[in-house]
Amino acid sequence: MLILCVTKNRIMNLIYADKICIMAYVEREPMQVSTAPRKPRILLAASGSVAAIKFGNLCSCFSDWADVKAVATQAALHFIDRTSLPKDVILYTDEHEWSSWSKIGDSVLHIELRRWADIMVIAPLSANTLGKIAGGLCDNLLTSIIRAWDYEKPIFVAPAMNTFMWTNPFTERHLMSIDELGVTLIPPVSKRLACGDYGTGAMAEPSLIFSTVRLFLESRQNASSSRTH
Ligand SMILES: Cc1cc2nc3c(=O)[nH]c(=O)nc-3n(C[C@H](O)[C@H](O)[C@H](O)COP(=O)(O)O)c2cc1C
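Owing to the predicted nature of the structure, the values given are computational and were not obtained by experimental measurement.

Notes on the site of the ligand
Neighbouring the ligand are 15 residues; Gly48, Ser49, Thr73, Ser126 and Asn128 lie closest to it. Per element, the largest residue contribution to the shell around the ligand is three residues, and it comes from helix α4 (residues 127–135). Looking at side-chain class alone, the shell around the ligand contains eight nonpolar, seven polar and no charged residues.

Considering the nonpolar core
In a soluble, globular protein the nonpolar side chains are often hidden away together inside. In terms of nonpolar packing, the biggest core is built from 53 residues, with Leu44, Val71, Val121, Ala123 and Ala158 touching the most fellow members. Leave out the neighbours within four places in its chain, and Ala123 touches Leu44, Ala46, Leu58, Ala158, Met203 and Ile209.

Things to note about helix α3 (residues 109–116)
Among the residues making up α3, those that are buried are Leu109, His110 and Leu113. Axial view of α3: buried residues confined to an arc of 95 degrees, hence all on one face. For α3, exposure combined with an orientation more than 90 degrees from the buried face picks out Ile111 and Arg115.

Observations concerning the sheet that holds strand β5 (residues 67–72)
Remark on secondary structure: sheet strands pair via backbone hydrogen bonds, oriented parallel or antiparallel. Within the open sheet, the six strands sit side by side as β6-β5-β4-β7-β8-β9. Their pairing is parallel. The two strands at the open ends of the sheet, each matched to only one other strand, are β6 (91–92) and β9 (184–185). Of the pairings in the sheet, the one linking strand β7 (residues 119–125) to strand β8 (residues 155–159) comprises four bridges and is parallel in character. The residue of β8 that forms the bridge with Ile122 is Val157.

Let's talk about the pairing of strand β10 (residues 189–192)
Sheet topology note: the β10/strand β11 (residues 198–202) ladder contains four bridges and is antiparallel. Its bridge partner lying in β11, Ser190 is registered against Thr200. Connecting β10 to the antiparallel partner β11 that follows it, the hairpin turn spans five residues, and Gly196 within it adopts a positive phi of roughly 100 degrees.

Some details on unusual backbone geometry
In this chain, Ala123 is followed by Pro124 through a cis amide linkage whose omega measures 5 degrees. Assignment of secondary structure puts Pro124 in strand β7.

Details of the confidence of the model for the protein chain
In the predicted model, the protein chain carries a mean pLDDT of 87, and the fraction of residues at 70 or more is 84%. Confidence drops under a pLDDT of 50 for residues 1–28, and excluding neighbours within four residues, the segment shows 25 contacts in the predicted structure.

Quick word on the packing of helix α1 (residues 55–63) against helix α8 (residues 206–228)
Packed helices, taken two at a time, are described by their axes: the angle between them and the distance between them. In the contact formed by α1 and α8, the axes pass within 9 Å of each other and the chain directions differ by 35 degrees. Read as a crossing pair, α1 and α8 show a hand that is right-handed. Every residue of α8 that contacts α1 at Asn57, Leu58, Cys61 and Phe62 is listed here: Pro206, Ser207, Ile209 and Phe210. Considered class by class, the residues forming the contact of α1 with α8 number six nonpolar, two polar and no charged.

Structural notes on the environment of Leu77
Position of Leu77 among the secondary structure elements: in the loop between β5 and β6. Judged by the 16 C-beta atoms lying within 10 Å of it, Leu77 is partly exposed. For the pair formed by Leu77 and Ser49, sequence separation is 28 residues and the distance between their alpha carbons is 9.8 Å.

The rules behind these values
Residues numbered from 1 in each chain as written. Predicted model: local features only at pLDDT ≥ 70, side-chain atom pairs only at ≥ 80, totals over all residues. Near = placed C-beta within 6 Å. Helix = DSSP H or I, 4+ residues; strand = E, 2+ residues; numbered from the N terminus. Nonpolar A, V, L, I, M, F, W, Y, C, P; charged D, E, K, R; others polar. Core = buried A, V, L, I, M, F, W, Y, C linked by C-beta atoms within 7 Å. Buried ≥ 20, exposed ≤ 12 C-beta atoms within 10 Å, placed from the backbone. Contact = placed C-beta atoms within 7 Å. Arc of directions from axis to C-beta. Pairing = 2+ DSSP bridges. pLDDT = per-residue confidence, 0-100. Axes fitted to C-alpha atoms, helices over the stretch in contact; angles between N-to-C directions. Left-handed = near helix turned anticlockwise from the far one by under 90°.

Here it is, written out as structure tokens:
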């Protein structure tokens, strides 16, 4: 086991090897830390609901305020018009997950994206992906990111599904499980659904999803800056 402690101008390594403890002190120049604020890094993900037709709009809502990367499941790709995404937003799919890896030492996309993101937003969240997250399954890029997620970092989900799916008992069970993980629900709304039925299950509007995430982050930043002053 290696424990690395960084102090003001010194790096101290504590190396434990078969109960032998070696302490090494290395003098270093003070670390240069940039104080320039950077944009928040938002990972936007879409799963296979018809509401994914709004994914381009969702990416546009975030892209001025944040650095955005996008992820889509195979089913979501049926609904996403790639030309509707802002030019600077890369859309990652399961194909990238596998094509970017060929040998030991290559980076693993779901780990890189999990590391990169400050916040993840899944909108729309399909019934299937909800169930998989609740059960810890990870058989594609999106669910592998979630399975590797650091739950100190916020995740928001905006479910979208037919009312029959939304009111099915599985939905409540799965929502309770992801709530325990610390996932924040942006609830669906009632309206005429894509299938023609009227009821609850339509995804919250992209502008509402954006303002929810932005307000959350800004109020958290304000709270932490008032603690430090
Ligand atoms: C036209 C069409 C529309 C669909 N709309 C929804 C939907 O709004 N919500 C949902 O949860 N599933 C919907 N589904 C089913 C999902 O696409 C299906 O469960 C799929 O396996 C989801 O995969 P994913 O969770 O990996 O994206 C729809 C399927 C079709 C064919």
